[in-house]
Amino acid sequence: MKITSVRATAVLVPRPTPFTCSLGTHAGSENAVVEIETDVGITGIGEASSIWDRLGRGCADDINGLLAPALVGLDPSQIRLVTDAMDVLLSPRSAPAKAGVEMALWDILGKSLGVPVYQLLGGAVRDRVALSRSLSMGTVEEVLAQADALVAEGYSTLKMKVGRDHDADLANLTALRQRFPHLILRVDANMGWPNAKRAARYIRELEAFDIELVEQPLHERDLEGLRFLRESVQVPIMADESVWTPADAMACVKADAVDVFNVYVAEAGGLGPAARIFGIAEAARLTCIIGSMPELGIGTAAQAHLAFAMPNIGFACDVNGCVYQADDVVDHGLRIEGGFIYPPIGPGLGVRLDPERVAKYRI
């Protein structure tokens, strides 16, 4: 089996309402749809998703201009060899583009063998995955309205974005805890706090609201500050932006910087590197969750396969990026209900591309 063509199409899919966090406000998701054709008639699909440097158009440029000419003629079932070839051409910050190609390779392999990707990653270790939903920054009334709707859908874990206005954060958490005394609440600062001592003071105040986790309170490279926080506060510290790659995960372990890894398929560079991060965490006796950009249906399916195969998931995950979008580019058939996601059905990733919707949202 040989790769005959690789192409990426940048798309912009709107969100029902703009979403705000410390990193800014996003009214849509600009990602890239990847299609890889083979000489045996099997086509694999993937998705490059990022809110960082390269977005959908940049990822598509990387794939079409750099990767496609180098990958044609290679065996798509030799996933590690193909990803090693991509590493020669791409910098680590181009990991989302690499991930889009890599998940398409897993899709091809699964389809060729007639099995879902989670079987190729070691097999399912659970029959459903608990989900978390993120709350956009807003007034107390806006945040409560979001929470009311999500709790009604069956979610028992919500993540509040913090880090811009501490007084507003306290007001929103006070209202949420009063309205939902038994809800699992976690917070995500998205690197919004300026230094470790300020973050420690803020976190101690937030601990009164029975917070489950604090995600990425400091800049991604401030491992020393993260370790200080981990030793100074009671609530577990979770790395997000600090743990893109397996090498990042090793650096966090060596620094004793965090308690939990938030692993992204896109940031890791694909399912293989993401699984290796889980392995590093397991060896270090750390648990993980799976995070979201948020992805469309293809990327969400890839996350789901990882979630069903990795044993050391310790908390509810963000394996539901597609629910943050107003539409999709696939007929995904993913079962998300009652605050859980269930295993994808069918060989490969288990999702089918909708060419009409790709054309509709193409940039």
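Throughout what follows, the structure given in this document is the object of discussion. (Residues numbered from 1 in each chain as written. Predicted model: local features only at pLDDT ≥ 70, side-chain atom pairs only at ≥ 80, totals over all residues. Heavy atoms only, no water.)

A word on a nonpolar patch on the surface. Together, Leu66, Val88 and Leu89 give the surface a local cluster of nonpolar side chains, amounting to about 270 Å² of exposed area. When you line up the elements, leucine 66 lands in helix H1 (residues 55-71). (Patch = residues over 30% accessible without salt bridge, like charges linked within 9 Å, V, L, I, M, F, W, Y side chains within 5 Å. Areas by Shrake-Rupley, 256 points an atom, 1.4 Å probe, with all protein chains shown as cover. Salt bridge = Lys/Arg side-chain N within 4 Å of Asp/Glu carboxyl O. Helix = DSSP H or I, 4+ residues; strand = E, 2+ residues; numbered from the N terminus.)

Looking at the secondary structure, you find alanine 95 in helix H3 (residues 95-113). Linking alanine 95 and glycine 269, residues 174 residues apart in sequence, is a C-alpha distance of 4.3 Å. Those residues in contact with alanine 95 that lie beyond four places of it in its chain are Trp244, Ala266, Glu267, Ala268 and Gly269. (Contact = heavy atoms within 4.5 Å.)

This part covers unusual backbone geometry. Note: most peptide bonds trans; most residues except glycine with negative phi. Between methionine 293 and proline 294 the backbone carries a cis peptide bond, its omega angle lying at 15°. For proline 294, the position within the fold is in the loop between strand S11 (287-290) and helix H12 (297-309). At leucine 55, a position not held by glycine, the phi torsion is positive, near 40°. Relative to the helices and strands, leucine 55 resides in helix H1. If you check the backbone angles, arginine 285 has positive phi at about 65° while not being a glycine.

A few words on the environment of lysine 98. Following the sequence through the fold, lysine 98 ends up in helix H3. A sequence separation of 168 residues divides lysine 98 from alanine 266, and the C-alpha atoms of the two residues are 8.0 Å apart. Every residue in contact with lysine 98, bar those within four places of it in the chain, is listed here: Thr83, Met86, Asp87, Leu90, Gly269 and Pro273. Engagement of the side chain of lysine 98 in a polar contact is seen with the side chain of aspartate 87, the distance being 2.6 Å. (Polar contact = N/O pair within 3.5 Å; in protein donor to acceptor, adjacent residues only side chain to side chain.)

With that out of the way, let us pick up H1. Because the α-helix completes a turn every 3.6 residues, residues three or four places apart line up on one side. The axis of H1 is deflected most strongly, by about 35°, at asparagine 64. Within the span of H1, buried status applies to Gly56, Gly58, Cys59, Ala60, Asp62, Ile63, Leu67, Ala68 and Leu71. Looking at the buried side of H1, the elements it contacts are strand S1 (3-21), strand S2 (24-38), strand S3 (43-48), helix H2 (79-89) and H3. Looking one or two residues beyond H1, the residue adopting positive phi is glycine 73, at roughly 100°. (Bend = angle between axes of the 7 residues up to and from the residue. Buried < 20%, exposed > 50% of the residue type's maximum accessible area, 1.4 Å probe, protein only.)

Next up on the list: the pattern of salt bridges. Under the definition given, this model contains 23 salt bridges. With a shortest N-O distance of 3.2 Å, arginine 7 and glutamate 37 are connected by a salt bridge. Here glutamate 37 lies in strand S2 and arginine 7 lies in strand S1, a separation of 30 residues in the sequence. Here arginine 7 falls in the partly exposed class, since its relative accessible area comes to 33%. Among the ionic pairs, glutamate 215 bridges to lysine 159, the shortest N-O distance being 2.9 Å.

On to the sheet that holds strand S13 (residues 336-337). Read across the sheet, three strands follow the order S4-S14-S13 without closing on themselves; strand pairing throughout is antiparallel. Two strands in the sheet have a free side with no partner beyond their single neighbour: strand S4 (129-130) and S13. Taken together, the two bridges between S4 and strand S14 (residues 340-341) define a ladder with antiparallel strand orientation. Its bridge partner being in S14, valine 129 is matched across the sheet by isoleucine 341. (Pairing = 2+ DSSP bridges.)

Compared with an ideal rise of 1.5 Å per residue, which puts 13 residues at 18 Å, H12 spans 19 Å between its outermost C-alpha atoms and is within 8% of the ideal. Summarising burial for H12: 13 of the 13 residues are buried, a large majority. (Expected span 1.5 Å × (residues − 1).)

All chains considered together, the criterion is met by three aromatic pairs. Geometry around tyrosine 324 places arginine 133 over its ring, the cationic atom sitting 4.7 Å from the centre. (Phe/Tyr/Trp six-rings, centres within 6.5 Å; stacked < 30°, edge-to-face > 60°. Lys NZ or Arg CZ within 6 Å of the ring centre and 35° of its normal.)

So, on to the pairing of strand S6 (residues 157-161). With five of five residues buried, S6 lies mostly within the body of the structure. Residues Thr157, Lys159 and Lys161 point to one face of S6 and Leu158 and Met160 to the other, with burial holding for every one of them. Examined bridge by bridge, strand S5 (residues 132-135) and S6 share four bridges and lie parallel to one another. Pairing of arginine 133 across the sheet is with leucine 158, part of S6. A crossover links S5 with its parallel partner S6, the connecting element being helix H5 (residues 140-153), and its sense is right-handed. Bridge count between S6 and strand S7 (residues 184-188): five bridges; the pairing is parallel. From the neighbouring strand, threonine 157 faces S7, where its bridge partner is isoleucine 184. Handedness of the crossover joining S6 and S7 through helix H6 (residues 166-179) is recorded here as right-handed. (Right-handed = clockwise from strand over helix to strand, strands pointing away.)

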